[in-house]
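The chain contents come next:
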Amino acid sequence: MSQVGNVEAGSRHDLRVGVSPDAPETDDLRDDGDGAFGYVHSYESSSRYDGPGLRLVLFVSGCLLRCSYCHNPDTWHLKDGTYVSARAVIDRLGDFAPALRSLDGGLTISGGEPMVQLAFTQRILAAAKQMGLHTAIETSGFLGDRVDEKYLSCLDLVLLDIKSGDPETYRRATNRDLAPTLRFAERLAAAAKPVWVRFTLVPGLTDDPANVEKIARFVALMKNVEWVEVQPFHQLGGFKWKAMNLDYKHEDTAAPTAELVKRVIEQFRVAGCHAR
Ligand code: SF4
């Protein structure tokens, strides 16, 4: 049993490892509890980037993907996160709620993958809604089949990372299958749930025009997608891979040029998406 710790303010760029050595393996997590406790990396209280308005962003632990360019490999395993009570998270959120409301913002849960700890994240999202806050999660959608209607009803927006349109490229980038993400995307479209699609542009990995085209065509059919956000690869997470003795394949990958970013945004626009 992990020891209960404090909810830590910080940044997605902080390295947190080995905080809860007794935590279960992410693969073994049976998320059938009441969500009173969970594992978190940190939170940022003033993001303008992860949803509309001012956001408190909670980074939770646990992810089943292994994106080769992941900026936060210290969120993959629950054992690297701090074991905290949902109550403590909700109380902290309450401290920020007046400011978040007045700046048309709210709560975004990111990670890691919020759907690894479904009961825990649902409890926090439901509390945020009770405070009158806008709610969002950032997800790969890989575990979308686990989500029920009640969970979806706690969400005003889904930031859906579609990491590639080509199944083989997706597997090379994430070590997992693309199909569950597309299935979840179709479900969100059927439910008319607002979505911002996020696509990480990694030169030499995800930038092939045919790969981008497949996402663009798929997304253009989803009337619930408000934005496609092209996120240029950067090296800010590289130090974490080295510190954790992980095999980092992008040491020599440069950030995409302005021309490449422009080309990809234009591809989405030509397909009929609102892209930026
Ligand atoms: S889904 Fe996100 S947290 Fe998980 S490996 Fe990929 S980039 Fe990292």
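Look up: the structure comes first, before these words.
Residues numbered from 1 in each chain as written. Predicted model: local features only at pLDDT ≥ 70, side-chain atom pairs only at ≥ 80, totals over all residues. Heavy atoms only, no water.

Peer 1: Help me get a handle on the overall build of the chain, residues and values and all.
Peer 2: Across its full length, the chain holds eight helices and eight strands. With the principal axes as the frame, the chain shows a C-alpha extent of 50 × 40 × 30 Å. Of all intrachain contacts in the chain linking residues separated by at least 6 positions in sequence, the fraction that spans at least 24 positions is 76%. Total accessible area on the chain stands at roughly 12,000 Å², and carbon and sulfur atoms take up 51% of it. With 32 positive and 37 negative side-chain charges, the chain shows a spacing of 3 Å between the two charge centroids. (Helix = DSSP H or I, 4+ residues; strand = E, 2+ residues; numbered from the N terminus. Contact = heavy atoms within 4.5 Å. Areas by Shrake-Rupley, 256 points an atom, 1.4 Å probe, with all protein chains shown as cover. Lys, Arg positive; Asp, Glu negative; His and termini not counted. Charge placed at Lys NZ, Arg CZ, Asp CG, Glu CD.)

Peer 1: How would you sum up helix α1 (residues 86–102)? Please name residues and give values.
Peer 2: Helix length check: α1, at 17 residues, gives a terminal C-alpha distance of 24 Å against a target of 24 Å (1.5 Å per residue), a fit within 8%. What α1 keeps buried is the set A86, V89, I90, L93, A97 and L100. On its buried face, α1 sits against β1 (37–47), β2 (55–60), β3 (82–85), β4 (106–110) and α2 (118–130). (Expected span 1.5 Å × (residues − 1). Buried < 20%, exposed > 50% of the residue type's maximum accessible area, 1.4 Å probe, protein only.)

Peer 1: An account of the nonpolar core is needed here, citing residue identities and associated values.
Peer 2: Judged by nonpolar contacts, the single largest core of 76 residues is most densely connected at L58, L107, I124, V219 and F268. When neighbours within four sequence positions are excluded, F268 is seen to be in contact with F199, V212, I215, A216, V228, V230, C273 and A275. (Core = buried A, V, L, I, M, F, W, Y, C linked by side-chain atoms within 4.5 Å.)

Peer 1: Requested: an account of the sheet that holds β2, with residues and values cited.
Peer 2: Within the open sheet, the eight strands sit side by side as β3-β1-β2-β4-β5-β6-β7-β8. Their pairing is mixed. Bordering the open sheet on either side are β3 and β8 (225–232), each of which pairs with just one other strand. Going from strand to strand, the sheet's axes swing by 30 degrees on average, the running direction of each strand aside. Direction of pairing for β4 relative to strand β5 (residues 134–139): parallel, over a ladder of four bridges. Looking across to β5, one finds that I109 is bridged to I137. Relative to the sheet, α1 contacts β1, β2, β3 and β4, its axis offset from that of β3 by approximately 75 degrees. (Pairing = 2+ DSSP bridges. Axes fitted to C-alpha atoms, helices over the stretch in contact; angles between N-to-C directions.)

Peer 1: I'd love a proper account of the packing of aromatic side chains, names of residues and values included.
Peer 2: For the structure shown, the criterion picks out six aromatic pairs. Ring geometry for Y39 versus Y83: centroids 4.8 Å apart, planes at 45 degrees, classification tilted. Here Y39 is found in strand β1, whereas its partner Y83 is found in strand β3, with 44 residues between them in sequence. Each member of the pair, Y39 as well as Y83, is classed as buried. Its end group placed over the ring of Y49, R198 keeps NZ or CZ at 4.8 Å from the ring centre. (Phe/Tyr/Trp six-rings, centres within 6.5 Å; stacked < 30°, edge-to-face > 60°. Lys NZ or Arg CZ within 6 Å of the ring centre and 35° of its normal.)

Peer 1: Please give an account of the pattern of salt bridges that cites residues and values.
Peer 2: Side-chain pairs of opposite charge can arise where the charged atoms are in close proximity. Using the criterion set out here, one finds 18 salt bridges in the structure. Residues K242 and E251 are paired through a salt bridge, measuring 3.7 Å at the closest nitrogen-oxygen approach. When salt bridges that share partners are traced, they join R12, E44, D50, E138, R198, E229 and R276 into one network. (Salt bridge = Lys/Arg side-chain N within 4 Å of Asp/Glu carboxyl O.)

Peer 1: Explain the packing of helix α6 (residues 209–220) against helix α8 (residues 258–271) to me, using residue names and the numbers behind them.
Peer 2: Orientation of α6 relative to α8, taken along the N-to-C sense of each, is 35 degrees, at an axis distance of 9 Å. Viewed along their axes, α6 and α8 form a crossing whose handedness is right-handed. Here α6 contributes P209, V212, E213, I215, A216 and A220 to the contact with α8, which in turn contributes R263, V264, Q267, F268 and A271. Looking at the contact of α6 with α8 residue by residue, the class counts come to eight nonpolar, one polar and two charged. (Left-handed = near helix turned anticlockwise from the far one by under 90°. Nonpolar A, V, L, I, M, F, W, Y, C, P; charged D, E, K, R; others polar.)

Peer 1: Which residues make up the pairing of β1, and what are the values?
Peer 2: Two faces, one strand: in a regular strand the side chains alternate between the faces of the sheet. Across the eleven residues that make up β1, a large majority, eight, are buried. Pairing analysis gives four bridges linking β1 to β3, with the strands arranged antiparallel. Each bridged residue has a counterpart across the sheet, and for F37 the counterpart in β3 is S85. Of the pairings in the sheet, the one linking β1 to β2 comprises five bridges and is antiparallel in character. Considered in β2, the bridge of S42 is made with F59.

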